[in-house]
Amino acid sequence: MKIKLLFTFLIACFILSGCGQKEPDIVIGAKDFTEQYILGNMLVRLIEENTDFTAELKVDMASDVLFASIRTGVVDLYVEYTGTVYGSYLRHSETRPSEEVYDISVNELCERYGLLMLNLLGFNNTFSLAVRNDTATENNLVSISDLAEISHNLIFGGSAEILSRFDGIPNLKRLYNMNFLDELAMDGIYRYDAIANDEIQVVEAFSTDGMLFEHELVVLEDDLEFFPPYYAAIIIRSETYERFPGLSDILDKLTGVLTDDVMRNLNYRADVLGKSPRDIAEDFLKSNNFIQ
């Protein structure tokens, strides 16, 4: 009877208290969308395959929650975007070149919060305007300035937010001196269906959106740099950086290899082809000889 009670107690201890489970060395955070799932899994696999450290991934965290979590030590590192740091966390509103946004973000994150922003990974997941390939070819569209010349004949489709926000369509039109035939508010998946069916000819997109590949859309260059830069970079707690010597060298393996096209393709494999973010991350790391 005593043996049975002891066994029951041990089982309860294991279930309720995590008895026998070791805390991970490094906790990695991720937001609540495909790109972040893929990047988070990359960081976990990269660390565990190249070091003796253990890593855990926490996903589906809102931006503000994730930023609070890294400041308080719940999370050790994660991938963030320069525009989010600059505007949302540091509360800057002045439009600046991408290099200045990065430099300000690096310096003020360290000064205010003791957080380190590492090198840019290489891709910029910012707002963009996209058109169908045939529309771009027929009208020689490469940039938004090109689009401005024929915009009065085209219908734009985007979120209700971008149709009204400060860094959205109203001020974009002023800068580029253009007007659309009409502007329609619609959710993301419906926007892509609408442009595929020629119900709209210009669509709001994120520059690394996998659906751009699915519909063979052309992302137009923001040649007057209206949209804020959202270059991706890893943010890490200074305590974590110091506690795990050599960790930053491992993480820097991703620097420069994740271009817009590469990230778009990885997102496409998840959103359109249905591959798991973990498998996508592992395949990418293996193909670049970052892990075995």
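Residues numbered from 1 in each chain as written. Predicted model: local features only at pLDDT ≥ 70, side-chain atom pairs only at ≥ 80, totals over all residues. Heavy atoms only, no water.

Peer 1: How do you make sense of the environment of D198 when you look at a structure like this?
Peer 2: Relative to the elements of secondary structure, D198 occurs in the loop between α9 (188-196) and β8 (202-206). As for D198 and R132, which are separated by 66 residues in sequence, their C-alpha atoms are 8.8 Å apart. (Helix = DSSP H or I, 4+ residues; strand = E, 2+ residues; numbered from the N terminus.)

Peer 1: Even after reading the chapter, I still don't get the pairing of strand β3 (residues 77-81), so can you show me in this structure?
Peer 2: Two faces make up the sheet, and in a regular strand the side chains alternate between them. Burial of β3 is extensive: five of the five residues sit out of reach of the surface. Of the two faces of β3, the one lined by L77, V79 and Y81 and the one lined by Y78 and E80 are each fully buried. Here strand β1 (residues 26-29) pairs with β3 via two bridges, running parallel. The residue of β3 that forms the bridge with G29 is Y78. (Buried < 20%, exposed > 50% of the residue type's maximum accessible area, 1.4 Å probe, protein only. Pairing = 2+ DSSP bridges.)

Peer 1: What's the story with the side chain of S159 in this structure? I'm lost.
Peer 2: Looking at the secondary structure, you find S159 in the loop between β6 (155-158) and α8 (169-176). Among the polar contacts made by the side chain of S159, one reaches the main-chain amide nitrogen of I162 at a distance of 3.2 Å. With sequence-adjacent residues up to four places away left out, S159 is seen in contact with M186, R191 and E204. (Polar contact = N/O pair within 3.5 Å; in protein donor to acceptor, adjacent residues only side chain to side chain. Contact = heavy atoms within 4.5 Å.)

Peer 1: Explain the sheet that holds β3 to me, please; I cannot follow it from the model alone.
Peer 2: Strand-to-strand pairing in sheets goes through backbone hydrogen bonds, with the strands running parallel or antiparallel. With respect to topology, five strands assemble into an open sheet ordered β2-β1-β3-β10-β4, the strand pairing being mixed. With partners counted over all chains shown, the strands left at the sheet margins are β2 (55-58) and β4 (115-124), one partner each. Mean inter-strand twist for the sheet, computed between neighbouring axes without regard to direction, equals 25°. As judged from the five bridges shared by β4 and strand β10 (residues 231-237), these two strands associate in the antiparallel manner. Each bridged residue has a counterpart across the sheet, and for N124 the counterpart in β10 is Y231. Strand contacts of helix α4 (residues 82-89): β3, β4 and β10, with the helix running at about 85° to β3, the strand carrying the most contacts. (Axes fitted to C-alpha atoms, helices over the stretch in contact; angles between N-to-C directions.)

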